[in-house]
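A structural walkthrough
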Amino acid sequence: MQKRSDYTCLLLAYLAAWGLLLLNTGFVYWDDWILLHHDAATRDAFYALVAAPQKGMMHNLLQEIGNGVFIYRILVFLAYAVVAACFLWILRHVRQAEPGYPLLIALLAAVYPANQARIALIDLPYGLTLAAFFLATVLAMVGEYRHTLVPRIAALVLFAFSFFTKSLLVYYLVPILLLVYVSRATLLTGGSWQSCGRLIRWGFTHLDYALLPIAFFLLTNRYLAPNTIYEGYNAVTPGALPEALVASTRSLLNLSWFPAVRWFGEPPLRHILVASSLLAASAWLAWSLLRQARARRLEPGWLVVLVVGAGLLLLAILPYHVVNKTPAFDDWLSRHQLLMPFGCAILLVAFCRLVLPGQLARRGIMVLVLIGALLAARDLLWYYADGVRQVGVIAALRANDDIRAAQNQVVLFEDRAGDTNAMGRFYRFYEYSAFLRRAFGDASRFGERRSHWHEWNLEKIRQRAGWRHFNFGDFDADSLVVAGTATLERGDYRPDSSWQRLALLWTGLTDRSELERRASAMVVLRWEPGPG
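Residues numbered from 1 in each chain as written. Predicted model: local features only at pLDDT ≥ 70, side-chain atom pairs only at ≥ 80, totals over all residues. Heavy atoms only, no water.

**Brief notes about the pattern of salt bridges**
- Enumeration over the complete set of coordinates arrives at 18 salt bridges.
- Close ionic contact of arginine 512 with glutamate 516 constitutes a salt bridge, the shortest N to O distance being 3.9 Å. Residue arginine 512 and its partner glutamate 516 are located together in helix α22 (residues 512-521), separated by four residues, close to a single helical turn.
- Accessibility expressed as a relative area gives 46% for arginine 512, which makes it partly exposed.
- Look at the salt bridges and you will find they share partners, linking Glu414, Arg416, Arg450, Glu489 and Arg526 into a network. (Salt bridge = Lys/Arg side-chain N within 4 Å of Asp/Glu carboxyl O. Helix = DSSP H or I, 4+ residues; strand = E, 2+ residues; numbered from the N terminus. Buried < 20%, exposed > 50% of the residue type's maximum accessible area, 1.4 Å probe, protein only.)

**Details of the nonpolar core**
- Formed by 171 residues in total, the largest nonpolar core has its most connected members in Phe159, Tyr171, Trp257 and Leu397.
- Apart from residues no more than four positions distant in its own chain, phenylalanine 159 is found in contact with Phe133, Ala136, Thr137, Ala140, Tyr172, Pro175, Tyr209 and Leu212. (Core = buried A, V, L, I, M, F, W, Y, C linked by side-chain atoms within 4.5 Å. Contact = heavy atoms within 4.5 Å.)

**Considering the packing of helix α17 (residues 358-398) against helix α19 (residues 429-440)**
- The geometry of α17 relative to α19 is characterised by a closest axis approach of 9 Å and an angle of 60° between their N-to-C directions. Relative to α19, α17 is oriented oblique. Of the two possible hands of crossing, α17 and α19 adopt the one that is right-handed. The residues of α19 that touch α17, namely those facing Gln390, Val393, Ile394, Leu397 and Arg398, are Phe435, Leu436, Arg438, Ala439 and Phe440.
- For the contact of α17 with α19, the residue count by class is seven nonpolar, one polar and two charged. (Axes fitted to C-alpha atoms, helices over the stretch in contact; angles between N-to-C directions. Parallel < 35°, antiparallel > 145°, perpendicular 65-115°, else oblique. Left-handed = near helix turned anticlockwise from the far one by under 90°. Nonpolar A, V, L, I, M, F, W, Y, C, P; charged D, E, K, R; others polar.)

**Quick look at the side chain of serine 334**
- Within the secondary structure, serine 334 sits in the loop between α15 (300-322) and α16 (340-355).
- We classify serine 334 as buried; its relative accessible area is 1%.
- A polar side-chain atom of serine 334 sits 3.4 Å from the main-chain amide nitrogen of glutamine 116.
- Apart from residues lying up to four places away in sequence, serine 334 is in contact with Asn115, Gln116, Ala117, Ala328 and Phe329. (Polar contact = N/O pair within 3.5 Å; in protein donor to acceptor, adjacent residues only side chain to side chain.)

**Re helix α21 (residues 498-510)**
- For α21, built from 13 residues, the straight-helix expectation of 18 Å at 1.5 Å per residue is met to within 8% by its first-to-last C-alpha distance of 18 Å.
- Looking at the buried positions of α21, the neighbouring elements they touch are α17 and α22. (Expected span 1.5 Å × (residues − 1).)

**Here we look at the side chain of histidine 59**
- Within the fold, histidine 59 resides in helix α3 (residues 53-62).
- Residue histidine 59 is classed as buried on the basis of its relative accessible area of 0%.
- In contact with histidine 59, not counting residues within four places along its chain, are Leu35, Arg43, Tyr47, Tyr72, Leu121, Ile122 and Pro125.

**Some points on the packing of helix α13 (residues 240-253) against α15**
- Across the interface, α13 lies against α15 with an axial gap of 8 Å and an inter-helix angle of 130°. Comparing the axis directions of α13 and α15 gives the class oblique. Here the hand of the crossing between α13 and α15 comes out right-handed. Where α13 approaches α15, its residues Ala240, Leu241, Ala244, Leu245, Ala247, Ser248, Thr249, Ser251 and Leu252 are matched on the opposing element by Ala310, Leu313, Leu314, Ile317, Leu318, His321 and Val322.

**Describing the environment of glutamate 528**
- Here glutamate 528 lies in strand β4 (residues 523-529).
- Beyond its immediate sequence surroundings of up to four residues, glutamate 528 is in contact with Arg450, Gly484 and Thr485.

**Considering a nonpolar patch on the surface**
- On the surface, Ile200, Phe204, Leu207, Leu211, Ile214, Phe217 and Leu218 cluster together into a nonpolar patch covering about 690 Å² of accessible area.
- Every element with two or more residues in the nonpolar patch is listed here: α11 (192-205) and α12 (207-223).
- For the nonpolar patch, the element with the highest residue contribution is α12, accounting for five residues.
- Of note, isoleucine 200 is situated in helix α11. (Patch = residues over 30% accessible without salt bridge, like charges linked within 9 Å, V, L, I, M, F, W, Y side chains within 5 Å. Areas by Shrake-Rupley, 256 points an atom, 1.4 Å probe, with all protein chains shown as cover.)

**Some points on α13**
- Taking 1.5 Å as the rise per residue, α13 with 14 residues should run 20 Å; its terminal C-alpha atoms sit 20 Å apart, in good agreement.
- What α13 keeps buried is the set Ala240, Ala244, Ala247, Ser248, Ser251 and Leu252. All buried residues of α13 fall inside an arc of 140° around its axis, so they share one side. Every exposed residue of α13 that faces more than 90 degrees away from the buried side is listed here: Pro242, Glu243, Arg250 and Leu253.
- Lining the buried residues of α13 we find α15.
- Where α13 ends, the next residue or the one after it, leucine 255, has phi of about 60°, a positive value. (Arc of directions from axis to C-beta.)

**Digging into unusual backbone geometry**
- Phi angles above zero are rare outside glycine, and leucine 255 is one such case at about 60°.
- Considering the arrangement of structural elements, one finds leucine 255 in the loop between α13 and α14 (269-294).
- Its relative accessible area of 9% is what places leucine 255 among the buried residues.
- Backbone geometry at aspartate 331 places phi at a positive 50°, although glycine is not the residue there.

Now the structure itself:
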């Protein structure tokens, strides 16, 4: 009965944090615009470039279901729910010093307000592969406990599928260590030489687990390498690991994994606040450990858990730094936070337990869970308002006759209300071009930020136009003509608070015409003809 209530509690907390995903039924973000309203051949061509044909097939199937958006929301919600449940199962099967803490860790991981980019349709494969990875870990542990073959084979198949998210090749060290942990009773008996011999024999009987990631890496590098304009994308370069280790350690120490860092301002203020926070936390921890040692109540097991959490967090960040990606809360970068919640949850729970008495520690952790759920829900409301604003931008473009007449010309954009976009994100050229395509029904206009216009020339635009997923595939010009600059400013309707965004969501659920009116009231477009 206790098991069932733990899982119920976990899923309810997860629903509170991320349930708003299921109410965002029609808006898209970032690279979603290279999927939406394209034919299957266009999507297949794009995924051939990035050497991921399996994703092309998946998107082609899902784009035919309903409006091509809501099905993604359902699947991504379910995928991360599976991850949360599997994580709790794994924690329950790893010995803890005190009962109840596996649930607390799993709760904090489930609601941790990171990887908000899961809202993007194009990021669904990350959720599916992560769910496969955690389910495979559970099956591998079951196979090890019961010494049965079927769970082991299923685990290997799921692991192989999960490796299409390359960061999981590095994180795969975790399930391997868990398998060693499951077998510890037989591996660590007798003398050190006997234990060493047993460990070697154990390794030989688990060569399938060891060889799987190596075979996957070699085969995909040989046959599924990105090409043409994406050649070298996410390639691992010689000597990247030492630099990545330094960058990952720096990320760990500058608290880039902690949501509150978003409110620390910009450097040098952020550096001062981070350093002060680390110093205060270290002093508090040292004082607490000293006090517990004097009272002979020190539990060294929680120090081990603290180190394990930091190690898992480092392992979650490392593969992204290897390919020069930065896990951060800003804009599109949050998709690199895929693996962060698990190490973060363990680290924070261990810290709370070490610096606070038992009952107070549990209450402190529950406060963190509540804050995490509120922040996650707040961010999803922010993304909803962001989606509504995109509708307003498209409506403002459609109403401008000068832009309508600018076929085979360049439309530059200056967004002076970018602070209204969720998580400080900004629009890319394929998004602006998609807005123009949606507004006028053709793909003959190229849109880009005015600040990035210097990066383009006619040859580069023609090359990108050849790939229709960039949304200006009908662009055909012998010379570049800048039609003008569209400046986006804030309108009279400004849903800046979470309560206002919640009201906007309610409007979207109950009155579509009123939602469109509010969307138009969010944006004022000022047009300046000519190159400027």
